[in-house]
Structure formats: structure tokens, C-alpha cells
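If you want the building blocks of each chain, they are given just below.
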2 protein chains.
Amino acid sequence: MSLPHAILTALLEKPSSGLELTRRFDRSIGYFWSATHQQIYRELGKLEAEGHIRALPTEQPARGQKKSYEVLPAGRAELARWTSAAHDPKPLRDTMLLRLRAAAVVGTAGVEADLRRHLDLHRRQLAEYEEIERRDFPPGKDGPQDRLRHLVLRAGIDLETFWTRWLAHAVEEFAELPSAEQPVSGGPEPARPQSR
Amino acid sequence: MSLPHAILTALLEKPSSGLELTRRFDRSIGYFWSATHQQIYRELGKLEAEGHIRALPTEQPARGQKKSYEVLPAGRAELARWTSAAHDPKPLRDTMLLRLRAAAVVGTAGVEADLRRHLDLHRRQLAEYEEIERRDFPPGKDGPQDRLRHLVLRAGIDLETFWTRWLAHAVEEFAELPSAEQPVSGGPEPARPQSR
DNA sequence: GCTTATTTTGCAACTAGTTGCATAAACGGG
DNA sequence: CCCGTTTATGCAACTAGTTGCAAAATAAGC
């Protein structure tokens, strides 16, 4: 239930139309909360119906025409409430880890290539974050707002650093593993075809 | 679309009933792929209908009675296929990061307490993982299967280490921040109530 | 033996996110 | 001006996950 709050935050930073929001969700905000344009339009409708935002007055509100929104006091209050409320962290859910566990049972064939691909993807993401850090947070830029935003970026950088290290380690580990075309032996029996 | 494969993996490791699976999803597998019992029962039904698993023969298959499943060859093949196929990593989606970004606009009141709470939760999780590492992977236990499983556990440990460090840093940062009851100044104008 | 609690399985309805496509205006030539 | 492309908004249907509840078997008092 965080999308509306992501949108409120974005709109407070700068009133925008649906498409502008979509663009911003592809860049900055999307780095830790992604959303498609359909999600955004739907949510804008709801937020407007609830009186949390309103469309900026425009001439002819027709289709295919930009419609910009701004946050109303009620929306700001809701965002402040949500921000200060306690939320439990979501448990980890990662496909690659699941695949490795599966590989221990059905064999490691094919996984290594994707491990390398992920390593590459995470390296790129890390480079992108570091570029942003250089650009947006030069030494000295440390007002309260900068500190908060830098903290968030820092999480992204450290996370990607973790993944690149771990994936590099995983790739090494695979190199030392035996053949890798067959199920790894040593575990429970593989299920054999069985007639009934 | 990973739940069925998580279940297939679990069933290959050991044929189980729905409830046993649920228990295992609360412990080991759930550390990187959580699922509720309803999800599991529903998925067991689908997997059986598709011919990927079958119920172990039992006397009277009625309600409120354990029904255990085992993986059929087709299920094993499907799991092998899925494991070796390429999957893009899911983009990060984290509420706490979003809240910090929101806090930069609507004020930091209330966030610090939850930051500390999360720090505590992640420390506990880390301790739990390290305990498992001590117990299940003593030095010397490094067959191919052990290595793979240890690698997965290692990801969990390193991730929790990252979070505890980052959260500790965030808490420090907050301590240095001014008052924190008001929206942090220096950004875009707060939206003021406006009559139309 | 009857009742109450626990175990085990499951349905139904809901929320969140995704995918595919539609529609209308605006823009940019020829 | 007409026509294809881009911009901007949106509906409908689908997949995945969550929540609340219920029903059947079994175990546990008394």
C-alpha cells in the first residue's frame, strides 16, 4: 500500500501530469519504487476521488491533453501520517537464491551464465548510482535534505555493491564445482519415474 | 511465477503434505521465498492438475486428513527448465527508502523510532542466520551441495549485514539532523491550503 | 460417550501489480 | 489540408499474493 504515498511524495516535490510522473518513476523514484503508467493513472484517479490531490485548473479537460495534479492539505497530512507510522520490513523474496537452491537438487546446468549476466547488470546499476552520487552530492552539499536523499542513494549503492560482490563470489564458486550437467549428488534421492 | 518452483524444490528435497510445506516455508525456504498456507494449497492443486506432482496413495482422501505429495518426472523437468532459464532481477522496492524520501518533504517526525526498530529486527535476523551457519556449515562440510546451500545462506547473512550497517548509519545521521518535527526546509515549497 | 480444542485442508473475496490494447489530441512533414 | 507518428490518458482482463473464515478429522478433557 505504498504507491499512493510514492505519488504524493513525487507530487509534493513537483506537481506533475500522469506522464511526467511516469517518467520520474522510471528515473529517480523508480530506483526504489517502480510503477507503470497504468498503475499511476489509476492511483491518480483514486487520490483525486479521496480529496488528497486535485487537478490543476485547465481550459478543456479532454483526453490526450495534459492534466497536472497538485497535493492538497489532506494528502500532505496522509503522507506525514504514513511516513511516521511503523511498518514491518517485507521479507526477502529473491528468484536467484531460489534457483540456486533448486540447482542443488536438479543440477546447475545453465545457471552460471545467468549469474554472470546478473553480475553485469548489477555492476551497471552500481556505476549509474555512483555517477549520480558524483553529480548530485559533491562534498559540502550537506543540508538536512541533502543528507536524507544521500542516505537513500547510499542504500542503493551499498546494495548493488553487496550484489556484485556476492555474484562474483558465486561465479567463482561455480568454477570450482564439478561438471555441473547432472544433479548434484549427495542429497536426497532424485524422484524416479514410477508406475502405479 | 516462482511459487510453483519453490514448491517443487521443497517436494524434491522431501515429499510433504500441505501443512508440512507451510512449516518449511516458515523456516528455511521462506528465508528467501515466503508463502502462506493458502497459496501453497492452491498451488498444490494446480501442480497436481498439470501432472507435475501427485498425491501419495492413501486410504481415504478426505478433508482434515494429511495428504502428501511427491514430484513426478514432468515436474522435475519443469523445475530444471525454469532453473536454467534466464530471469531478469526484480527492481528494488523498499518502503523504508520511500519513507525517507517522503520525510525529506513532510518532515522526519516518527521515522527515527521505526529506523531503530528495523535495526533491531535485522540484527536478530542476522544472528539467526549466523547461528544456522555455525550449525549447518562447520569447516570441512563443503561438498557440492553444501557449497551451493552455503552460498545462499551467505547472501542472507551479507544482506542483513548490509541492512544493519546502513540502518545504524541512518540512525546516526538522524541524531545529527536539526529538530525533526517540521518539514525539512531547503526544498520545494510546501503546498499551502488553497481556495479555488 | 459427549463436548471442546487442535490439526489440516480449503473456499471466497480482496488488494496490488502487469499486460495488452484503445482513444484522442498534437505535431510534423509533403 | 491530409496522414502518419508521437504524446497523453485510460479501460479491461489477468496474475500473484493476502485476509478472513469455515469445515472435516482427530485429540483431549471430563
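Here the residue numbering is sequential within each chain, running from 1 through the sequence in written order. All chains are assigned letters beginning with A, and all ligands numbers beginning with 1, in the order in which they are written. Whole-chain, interface and lining totals are the exception, using all residues; otherwise, since this is a predicted model, local features are given only for residues with pLDDT of at least 70 and side-chain atom pairs are given and counted only at 80 or more. Excluding hydrogens and water, the side-chain values take into account all heavy atoms of the structure.

An unreviewed UniProt entry lists chain A under the name DNA-binding PadR family transcriptional regulator, with Streptomyces pseudovenezuelae as the source organism.

**Structural notes on the overall build of chain A**
When helices and strands are tallied, chain A shows seven helices and three strands. For each residue, the accessible area found with a 1.4 Å probe, counting protein chains only, is set against the maximum for its type, and the residue is called buried under 20%, exposed over 50%, and partly exposed in between. Looking at chain A as a whole, 47% of its 196 residues qualify as buried. Two residues form a contact once any of their heavy atoms are found within 4.5 Å. Looking at chain A alone, contacts between residues at least 24 apart form 61% of all its contacts between residues at least 6 apart. Here the Shrake-Rupley method, with its probe set to 1.4 Å, supplies the accessible areas, and only the displayed protein chains count as covering residues. For chain A, the exposed area adds up to about 10,300 Å²; of that, 51% sits on carbon and sulfur atoms. Only DSSP runs of H or I reaching four residues or more are called helices, and only runs of E reaching two or more are called strands; each is numbered from the N terminus.

**Describing the pattern of salt bridges**
Residue and element names in this part refer to chain B. Every case where a carboxyl oxygen of Asp or Glu lies within 4 Å of a side-chain nitrogen of Lys or Arg is listed as a salt bridge. Under the defined criterion, the tally for this structure stands at 34 salt bridges over all chains. For Glu-112, the salt bridge goes to Arg-116, with nearest N and O atoms at 2.9 Å. In this pair, Glu-112 and Arg-116 both sit in helix α6 (residues 111-136), four residues apart, roughly one turn of the helix. Notably, a salt bridge pairs Arg-154 with Asp-158, separated by 3.4 Å at the nearest N-O pair. Pair noted here: Arg-154 and Asp-158 are both in helix α7 (residues 144-176), with a separation of four residues, about one helical turn.

**As for the relation of the copies chain B and chain A**
Copies are brought into register by a least-squares superposition over C-alpha atoms of residues with pLDDT of at least 70 in both. Mapping chain B onto chain A is achieved by rotating through 180° and translating by 0.0 Å along the same axis, at an RMSD of 0.0 Å. Taken together, the rotation and translation relating the two chain copies correspond to the operation of a two-fold axis. The fraction of interface residues of chain B whose copies in chain A are also interface residues reaches 100%, indicating that both copies meet through the same surface.

**Here we look at the packing of helix α1 (residues 3-13) of chain A against helix α4 (residues 73-84) of chain A**
Residue and element names in this part refer to chain A. Running from amino to carboxyl end, α1 crosses α4 at an angle of 120°, the nearest separation of the two axes being 10 Å. What the angle tells us is that α1 and α4 run oblique. At the point where α1 passes α4, the crossing takes the left-handed sense. Residues His-5, Leu-8, Thr-9 and Leu-12 of α1 form the contact with α4, whose participating residues are Gly-75, Arg-76, Glu-78, Leu-79 and Trp-82. Residue classes in the contact of α1 with α4 are distributed as four nonpolar, three polar and two charged. Each axis is a line fitted through C-alpha atoms, taken for helices only over the stretch in contact, and angles between the N-to-C directions span 0 to 180 degrees. An angle below 35 degrees is treated as roughly parallel, one above 145 as roughly antiparallel, one from 65 to 115 as roughly perpendicular, and anything else as oblique. Two helices cross in a left-handed way if the nearer one is turned anticlockwise from the farther one by less than a right angle. They cross in a right-handed way if the turn is clockwise. Ten residues, namely Ala, Val, Leu, Ile, Met, Phe, Trp, Tyr, Cys and Pro, are considered nonpolar, four, namely Asp, Glu, Lys and Arg, are considered charged, and the remaining ones, Gly among them, are considered polar.

**Observations concerning the packing of aromatic side chains**
The rule is short: rings of Phe, Tyr and Trp, with Trp giving its six-membered ring, pair when the centres are within 6.5 Å, and they are stacked under 30 degrees, edge-to-face over 60, tilted in between. By the definition in use, this model includes six aromatic pairs over all chains. Plain terms: the ring middles of Trp-163 of chain A and Trp-166 of chain A are 5.7 Å apart, the flat faces sit at 85° to each other, and that makes the pair edge-to-face. Within this pair, Trp-163 of chain A and its partner Trp-166 of chain A are both found in helix α7 (residues 144-176), separated by three residues, close to a single helical turn. By the burial criterion, Trp-163 of chain A is buried, and Trp-166 of chain A matches it. A ring pair is formed by Phe-162 of chain B and Trp-163 of chain B, whose centres lie 4.7 Å apart and whose planes are at 55°; its orientation type is tilted.

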